[in-house]
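If you want the building blocks of each chain, they are given just below.
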Amino acid sequence: MNDVFSLDQKTLDKNYWEERWENQSTGWDIGYSSPAIEEYILQYSNKGANILIPGCGNAYEVEFLWNLGFTNITILDISKTAVQILKDKYQNKKGVTVICEDFFNHQGKYDLIIEQTFFCALRPELRPQYVEKVHELLDEGGRIVGLLFNRNFEKDGPPFGGSVLEYQNLFNDDFDIQKMEECYNSIPSRKGSEIFINLKKKI
Ligand code: SAH
């Protein structure tokens, strides 16, 4: 049983993601930052906030944040191909730090973590660890904001789906669930299938 479990884990490791990037098999990439996340950022006034985007892929949010004057943005991905693209793209943007690392090994303290199609890329078995890690990485008063799928997928993931009830149970101990509701400004292909979350770290 344990062996089967660890074999499964291996299929979504660094090599799996690296291969997806090398083969340009990046079907999750919508080509721009999600309007729902942009809308949240527009009303977020602390431009000096320490912001992390884990499993960032092409990290389109960076352009948006940077143009608004945010000065402390960290983006992180496990794939070196993805990170090289980001380094080329953002090398002249002061205040943008690009890191190639497994999220679960990352150390730091942030005011805001932005979630966009990273949670659903991880094996569901890792969800409790994801919650724990996000909690650890957030400073007092910090929050995780972004989008989660509110549907199941027929095929084996990634992406892996889920439901509001599952997420409530998952986050409730460590976070004040300030928002977890159907997203009204999803992109057309995700309309009705995702929720917007705004979860504040409990001390
Ligand atoms: N947020 C981006 C990419 C989503 S796909 C977007 O929405 O377009 C998931 C991304 O997470 C991939 O780029 C993959 O390389 C990265 N990833 C997967 N597991 C990871 C891990 N453990 N740590 C950091 N990044 C990871």
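Located above this text is the structure these notes cover.
Bear in mind the structure is a predicted one, so any value in this text is a computation, not a measurement. (Residues numbered from 1 in each chain as written. Predicted model: local features only at pLDDT ≥ 70, side-chain atom pairs only at ≥ 80, totals over all residues. Heavy atoms only, no water.)

Q: I'm lost on the overall build of the protein in this one. Help?
A: What the protein contains, in helices and strands, is seven helices and seven strands. Secondary structure of the protein in N-to-C order comes out as α-α-α-β-α-β-α-β-β-α-β-α-β-β. Since a compact globule built from 203 residues should have a radius of gyration of about 17 Å, the 16 Å found for the protein is in line with a globular shape. Viewed in the frame of its principal axes, the protein has a C-alpha envelope of about 50 × 35 × 35 Å. Considering the protein as a whole, with its 203 residues, one finds that 46% of them fall into the buried category. Working note: accessible area of the protein is about 10,500 Å², and carbon and sulfur atoms make up 47% of it. Positive and negative side-chain charges in the protein, numbering 22 and 31 respectively, have mean positions lying 4 Å apart. (Helix = DSSP H or I, 4+ residues; strand = E, 2+ residues; numbered from the N terminus. Rg over C-alpha atoms; globule rule 2.2 N^0.38 Å. Buried < 20%, exposed > 50% of the residue type's maximum accessible area, 1.4 Å probe, protein only. Areas by Shrake-Rupley, 256 points an atom, 1.4 Å probe, with all protein chains shown as cover. Lys, Arg positive; Asp, Glu negative; His and termini not counted. Charge placed at Lys NZ, Arg CZ, Asp CG, Glu CD.)

Q: Is there a simple way to think about the pattern of salt bridges in this case?
A: Side chains bearing opposite charge may pair, as long as their charged atoms lie close to each other. Taken as a whole, this structure holds four salt bridges when the rule is applied. Across the pair Lys133 and Glu136 runs a salt bridge, and its minimum N-O distance is 2.9 Å. Pair noted here: Lys133 and Glu136 are both in helix H6 (residues 127-137), with a separation of three residues, about one helical turn. Lys133 gets classed as buried once you look at its relative accessible area, which sits at 6%. The exposure class assigned to Glu136 is partly exposed, which follows from its relative accessible area of 37%. (Salt bridge = Lys/Arg side-chain N within 4 Å of Asp/Glu carboxyl O.)

Q: How should the nonpolar core be read in this particular structure?
A: Considering soluble globular proteins, one finds that nonpolar side chains tend to be buried as a cluster. Ranked by size, the top nonpolar core spans 27 residues in total, and within it Val62, Leu65, Ile75 and Ile114 carry the most contacts. Elements with a minimum of two residues in this core: helix H3 (35-42), strand S1 (51-54), helix H4 (61-67), strand S2 (73-77), helix H5 (80-90), strand S3 (96-100), strand S4 (110-116) and strand S5 (138-149). Counting 22 residues, the second largest nonpolar core, distinct from the first, contains Phe103, Leu122, Leu137 and Met180. (Core = buried A, V, L, I, M, F, W, Y, C linked by side-chain atoms within 4.5 Å.)

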